Amino acid sequence: MREYQLLIDGKFVPAADGKTFESVNPFTAEPVARVARGQKADVDKAVAAARKAFDEGPWPRMSGEERSRILKGIAEKIEAASADLVALMIEESGSTYRKAKGEVWLSGKNMGYFAKLANRDFTRPIESLSKPGVSRNLIAREPVGMCAQIIPWNFPLQMAIWKLGPALAAGNTVVLKPAEETPAMAMELAKIIADSELPAGVVNVITGYGEEAGAALAEHPGVDKIAFTGSTEIGKKLMGEASRDLKRVTLELGGKSANIVLADADLEMAVDGALYGAFFHSGQCCTAGTRLFVQDEIYDRFIELFTQKAKTIRLGNPADKGTDLGPLVSRKQQERVLSYIATGKKEGARCILGGTAPDSGELKAGYFVEPTIFVDVDNGMAIAQEEIFGPVVSVLRFKTEEEAIQLANQSKYGLAGAVWSQDAEKAMRVARKLRTGTVWINEYHLISEKAPFGGYKQSGLGRELGEDALEEYTEIKHIHVDEIGDRSKKFWYDSVVSPTPQPA
Ligand code: ADP
């Protein structure tokens, strides 16, 4: 079994009280790794190291070029370690081979992107306010400081990179707390970081439980910013914590994305897109298209094709290259998904496919749930409003474009959504009316490191990825440089403490 310690100030150390816990393979239910169970004493040390690295260390003061070079080195090391990272991701998170391979590749690519951005010039003049001989005005962007980053288990490597990339590119220092389900993934990244040219203390990694290490980190007065991806419930709690010291907060939370299929869509493409939207990574994506709206005229044909194709999804060992759907990450998650399925049935929705956990053959030990399709769903039902985070899709029928928009927006969430139509103008019209941070037209789940990603409403606060992400990791500073040498022309000349206002 793999074993890992905490990364604090450039060194791997056990938890202060020596405690450990294990991560579990969701396919076999066997342990994968034993890791340190970090708690308050360890968080204190990690925050002190990151604080020192920010206040006194070279990292925030280094040139963008130098930071860029070091981050590029990390991206290259991720690439070089990709075979092992893919194997571990499959083992620890139940990700299928294809998902794990894609995620590791994207993680290196995303880090490479932020490495490039690190070299961006963060200062710009305010042209309209600056007058030669009178004043120069600049806007500088400077790192926020010491950032607490708390991440989930569904994309254990990519979520770490989405957080670390912009934070480091902008010159911040970090304490990262991975999810308790996938600590080994984070510690493999920690090894890469410790082996890079990043100065000690710039990135510290504390494995542990949410209510222990996570809570201690979020409450710590030495933290300048909390960046969190996870449930809306914990996101709200962290925002409350942050209010005590007015810590900066960015949150990427839940979703219940509407996937709208208009009658003029390319039917086969929309069916495939809807399957991908709902069932990719067993539905364990915050962007999952779990509210599938299908227009009246094509409804019956669509459901027939959709169900037929869903039946061909292959459940199996996630390490097998042919497997489409792996297990859910944990027993807890499997039970949660099954309880939502029971709720859906109780609420009167009709389950036309799946609905159970397979319990024979090679699937017996794993935390599987079959691809599940509910029809006759009312938008007010729990299965249409709450995030299930499993392979469960609720299909809703609509008559008009306006009705689809109205129903889609009847949600506390606003992370993503999609529209399928061959009428470009109509699709754009619908896209503009959806109250979500991302909309795909004739596509699903496509996320680029160059485009901002985040939520409207209770799906979050702030954006990850793109240049916007970098800005979330900076404070804005206005610098006014007075160029009037003549003291008698200064606006405060007539009375230093109570000058007459003058036009700028
Ligand atoms: P999930 O239910 O999918 O595990 P969570 O929001 O509970 O989602 O977890 C996401 C991340 O937040 C994990 O790293 C977890 O350890 C952490 N976490 C959970 N509870 C807390 C908490 N009270 N304070 C800080 N972090 C927490």
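Quick caveat, the model's predicted, so the values are computed rather than measured. (Residues numbered from 1 in each chain as written. Predicted model: local features only at pLDDT ≥ 70, side-chain atom pairs only at ≥ 80, totals over all residues. Heavy atoms only, no water.)

A. Summary view of the sheet that holds strand β17 (residues 392–398). Taking strand neighbours across the sheet as the criterion, the 7 strands line up as β15-β16-β17-β14-β13-β19-β20 in an open arrangement whose pairing is mixed. With partners counted over all chains shown, the strands left at the sheet margins are β15 (350–353) and β20 (438–441), one partner each. Neighbour-to-neighbour, the strand axes of the sheet open up by a mean angle of 25°, direction not taken into account. Pairing analysis gives 4 bridges linking strand β13 (residues 258–261) to strand β14 (residues 291–295), with the strands arranged parallel. Directly across from A258, in β14, lies its bridge partner R291. Docked against the sheet, helix α10 (residues 299–310) engages β13, β14, β15, β16 (372–375) and β17, running at close to 170° with respect to β17. (Pairing = 2+ DSSP bridges. Helix = DSSP H or I, 4+ residues; strand = E, 2+ residues; numbered from the N terminus. Axes fitted to C-alpha atoms, helices over the stretch in contact; angles between N-to-C directions. Contact = heavy atoms within 4.5 Å.)

B. Summary view of the side chain of T229. Within the fold, T229 resides in strand β11 (residues 225–229). If we ignore the near neighbours within four places in the chain, the residues touching T229 are I150, I151, P152, M159, K163, E252 and E464.

C. Representation of the site of the ligand within the structure. As a structural note, the neighbourhood of the ligand is formed by 17 residues, with I151, K177, E180, G210 and S231 the closest of them. Taking E180, its side chain carries an N or O atom lying 2.5 Å from an oxygen atom of the ligand. Residue A215 places a main-chain N or O atom 3.4 Å away from a nitrogen atom belonging to the ligand. The fraction of the free accessible surface of the ligand (550 Å²) that becomes covered by protein chains is 85%. (Near = heavy atom within 4 Å. Polar contact = N/O pair within 3.5 Å; in protein donor to acceptor, adjacent residues only side chain to side chain. Areas by Shrake-Rupley, 256 points an atom, 1.4 Å probe, with all protein chains shown as cover.)

D. Geometry of the domain arrangement of the chain. Domain boundaries in the chain define domain 1 (2–253 + 459–479) and domain 2 (258–441). Measuring from the centre of the C-alpha atoms in domain 1 to the corresponding centre in domain 2 gives 31 Å. Each partner contributes to the interface: domain 1 provides 23 residues, whereas domain 2 provides 31 residues. Contact between domain 1 and domain 2 buries roughly 2,200 Å² in total, counting both sides, with carbon and sulfur atoms accounting for 62%. Where domain 1 packs against domain 2, one counts 1 salt bridge. In this structure, R98 and D324 form a salt bridge, with 2.9 Å as the shortest nitrogen-oxygen distance. Among the elements of the structure, α3 (82–93) and α4 (97–117) are those that each provide at least two residues to the side of domain 1 that touches domain 2. Sort the elements by how many residues they give to the side of domain 1 that touches domain 2 and α4 lands first, with 3 residues. (Domains from an automatic or database assignment. Buried area = accessible area lost by both parts, 1.4 Å probe. Salt bridge = Lys/Arg side-chain N within 4 Å of Asp/Glu carboxyl O.)

E. The environment of F293, seen in detail. You can see F293 is positioned in strand β14. Each C-alpha atom, one on F293 and one on E233, is 26 Å from the other, the two residues being 60 residues apart in sequence. Here F293 is in contact with A258, N259, I260, V261, N379, L396, F398, L407 and A408, once residues within four sequence places are set aside.

F. Expanded view of the side chain of S411. By the element assignment, S411 lies in the loop between α13 (401–409) and β18 (413–414). Judged by its relative accessible area of 9%, S411 falls in the buried class. Polar contacts involving the side chain of S411 include one to the main-chain amide nitrogen of Y413, which spans 3.0 Å. When near neighbours in sequence (up to four residues on either side) are disregarded, S411 contacts K256, R291, Q385 and K457. (Buried < 20%, exposed > 50% of the residue type's maximum accessible area, 1.4 Å probe, protein only.)

G. View of the packing of α3 against helix α6 (residues 183–194). Orientation of α3 relative to α6, taken along the N-to-C sense of each, is 160°, at an axis distance of 9 Å. By the angle between their axes, α3 is roughly antiparallel relative to α6. As for how α3 packs across α6, the hand of that crossing is right-handed. Together, D84, L85, L88, M89 and E92 of α3 and P183, A184, M185, E188 and I192 of α6 make up the contact between the two elements. Considered class by class, the residues forming the contact of α3 with α6 number 7 nonpolar, no polar and 3 charged. (Parallel < 35°, antiparallel > 145°, perpendicular 65-115°, else oblique. Left-handed = near helix turned anticlockwise from the far one by under 90°. Nonpolar A, V, L, I, M, F, W, Y, C, P; charged D, E, K, R; others polar.)

H. Structural context of the sheet that holds strand β4 (residues 20–24). Strand order in the open sheet formed by 3 strands is β1-β5-β4, with mixed pairing between adjacent strands. Two strands in the sheet have a free side with no partner beyond their single neighbour: β1 (2–4) and β4. Direction aside, neighbouring strands of the sheet carry axes that sit 25° apart on average. Bridge count between β1 and strand β5 (residues 31–36): 3 bridges; the pairing is parallel. Within the sheet, the bridge partner assigned to R2 lies in β5 and is A33. Sheet contacts for α6: β1, β4 and β5; angle to β1, the most-contacted strand, approximately 65°.

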